[in-house]
Amino acid sequence: MSYCLMNTLWSVSFITLSPIIYLYRGVYQIVSCCSTKKKRLFNYNLENQLRDNLSKKGGYKAGVGHYANVWTRDSFFALFARNSSESIKIKTDLANRLQNNIKKGVVPFTFHEIMYIPAVLCGLKCKRSKATPCYTDEKLCQQVMDANSQYIILVHQVWKSIKSKSEAKAEKWLSRHEKTLEDALRFYDIHR
C-alpha cells in the first residue's frame, strides 16, 4: 500500500472511531479518578508510592498512562528518597540494568514498557512484551546528556555502600562496571 492510502485509511479510521474512544476515555477516567482519590485518602505516602512504582528489572515507573515507563532521570532522583539496605539493592538493580543497556557509551534515557497509542487514545495500560531502551529525548530527538552522569554517580553510590560492608565485594562489583564507566565518560569527550 502506498503511504498516501495508508495515511487516508488511518485518518478515516480515527475520525470514525474517535467518538467511541472519547466516550470510553471519559468513563474510564471517571472510574479511575474515583479509585485514585480513595487510594490517596488512605495513607498513601511517599514510601507507598515508591513501592508501587518500583520495577522488578530496576528503576521506578515515572507515572501513569503513557508515562508508566522507567525513566533514568526520575529513577535516579527517586532513589535519593530512600536510605536503607533495601535502597542499596534497588540502586544496584538500576545500575546493572543501565549497564546492560548501554549502547556505544550512551546510557538509556527511558525504557518503554507501555504502548504509547493505546495509552494516549484509550487510557489503556498495554504493556510491551519486552521493555525497549530509548537513548534520545522524545521531545527534542537528541541524546540526553545527564543520563551518563547519573549512571556514573549511581555506580559510585552503590560501590560506596557495598564497600562499607565488604571491600572485596565492592571491588568485584565495580570491576564489572569498569568498561561501561569508561564508555560513559568517553561519551562526554565527543561533546566538549
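Let me sum up the structure you'll find in this document. Just so you know, these numbers come straight off a predicted model, no measurement behind them. (Residues numbered from 1 in each chain as written. Predicted model: local features only at pLDDT ≥ 70, side-chain atom pairs only at ≥ 80, totals over all residues. Heavy atoms only, no water.)

## Section: the nonpolar core
Okay, so step 1: Core analysis: the largest hydrophobic core is formed by 28 residues, its most contacted members being Leu 98, Tyr 151, Leu 154 and Trp 173.
Okay, so step 2: Taken together, the elements giving at least two residues each to this core come down to strand 1 (70-71), helix 3 (72-78), helix 4 (85-100), helix 6 (146-163) and helix 7 (167-190).
Okay, so step 3: Broken down by element, this core gets its largest block of residues, 7 residues, from helix 6.
Okay, so step 4: Excluding residues within four positions of it along the chain, Leu 154 makes contact with Phe 76, Leu 79, Lys 91, Leu 94, Ala 95 and Leu 98. (Core = buried A, V, L, I, M, F, W, Y, C linked by side-chain atoms within 4.5 Å. Buried < 20%, exposed > 50% of the residue type's maximum accessible area, 1.4 Å probe, protein only. Helix = DSSP H or I, 4+ residues; strand = E, 2+ residues; numbered from the N terminus. Contact = heavy atoms within 4.5 Å.)

## Some points on unusual backbone geometry
Okay, so step 1: One non-glycine residue with positive phi stands out, namely Lys 104, at about 55 degrees.
Okay, so step 2: Tracing the backbone shows Lys 104 in the loop between helix 4 and strand 2 (110-114).

## Some thoughts on the packing of aromatic side chains
Between two aromatic rings, the relevant description is the distance of the centres plus the angle of the planes.
Okay, so step 1: Scanning the model with the defined rule gives 3 aromatic pairs in all.
Okay, so step 2: Centre to centre, the rings of Phe 76 and Phe 77 are 5.2 Å apart; their planes meet at 75 degrees, and the pair counts as edge-to-face.
Okay, so step 3: Where Phe 187 meets Tyr 188, the ring centres are 5.5 Å apart and the plane angle is 65 degrees; that geometry is what we call edge-to-face.
Okay, so step 4: Tyr 188 sits in the partly exposed class, given a relative accessible area of 22%.
Okay, so step 5: Sitting above the plane of the Phe 111 ring, Arg 97 keeps its charged end 4.0 Å from the centroid. (Phe/Tyr/Trp six-rings, centres within 6.5 Å; stacked < 30°, edge-to-face > 60°. Lys NZ or Arg CZ within 6 Å of the ring centre and 35° of its normal.)

## Quick look at the pairing of strand 2
Okay, so step 1: Counting buried positions over the 5 residues of strand 2 gives 5, a clear majority of the element.
Okay, so step 2: Two strands pair when backbone bridges link them, and strand 2 and strand 3 (residues 127-134) are joined in this way by 4 bridges, in the antiparallel orientation. Bridging from a neighbouring strand, Phe 111 pairs with Pro 133 of strand 3. (Pairing = 2+ DSSP bridges.)

## Things to note about the sheet that holds strand 3
Okay, so step 1: Across the sheet, which stays open at both edges, the 3 strands sit in the order 1-2-3 with antiparallel pairing between neighbours. Taken across any chain shown, the strands that pair with only one partner, and hence form the sheet edges, are strand 1 and strand 3.

## Considering helix 7
Okay, so step 1: Here helix 7 is 24 residues long and its end C-alpha atoms lie 34 Å apart, about the 34 Å a rise of 1.5 Å per residue gives.
Okay, so step 2: The largest bend along helix 7 reaches roughly 45 degrees and is located at His 177.
Okay, so step 3: Of all the positions in helix 7, only Ala 170, Trp 173, His 177, Thr 180, Leu 181, Asp 183, Ala 184 and Phe 187 are classed as buried. (Expected span 1.5 Å × (residues − 1). Bend = angle between axes of the 7 residues up to and from the residue.)

## A word on the layout of surface pockets
Okay, so step 1: Of the pockets and cavities examined, the second largest pocket occupies roughly 170 Å³.
Okay, so step 2: Every residue along the wall of the second largest pocket is listed here: Leu 54, Ser 55, Lys 56, Lys 57, Lys 61, Glu 113, Lys 127, Arg 128, Ser 129, Lys 130 and Ala 131.
Okay, so step 3: Broken down by element, the residue count for the lining of the second largest pocket peaks at 5 residues, all from strand 3.
Okay, so step 4: Within the lining of the second largest pocket, the residues separate by chemical class into 2 nonpolar, 2 polar and 7 charged. (1 Å grid on protein atoms, 1.4 Å probe; cavity = no way out; pocket = protein on both sides within 12 Å on 5 of 7 lines; lining within 4 Å. Points joined across faces, edges and corners; volume = space filled by probe spheres on them. Nonpolar A, V, L, I, M, F, W, Y, C, P; charged D, E, K, R; others polar.)

## Things to note about the packing of helix 6 against helix 7
Okay, so step 1: Two elements in contact, helix 6 and helix 7, have axes separated by 10 Å at closest approach and are oriented at 170 degrees. The angle between helix 6 and helix 7 places the two elements in the roughly antiparallel class. For the pair helix 6 and helix 7, the sense of crossing is left-handed.
Okay, so step 2: Among the residues forming the contact of helix 6 with helix 7, the class breakdown is 14 nonpolar, 4 polar and 5 charged. (Axes fitted to C-alpha atoms, helices over the stretch in contact; angles between N-to-C directions. Parallel < 35°, antiparallel > 145°, perpendicular 65-115°, else oblique. Left-handed = near helix turned anticlockwise from the far one by under 90°.)

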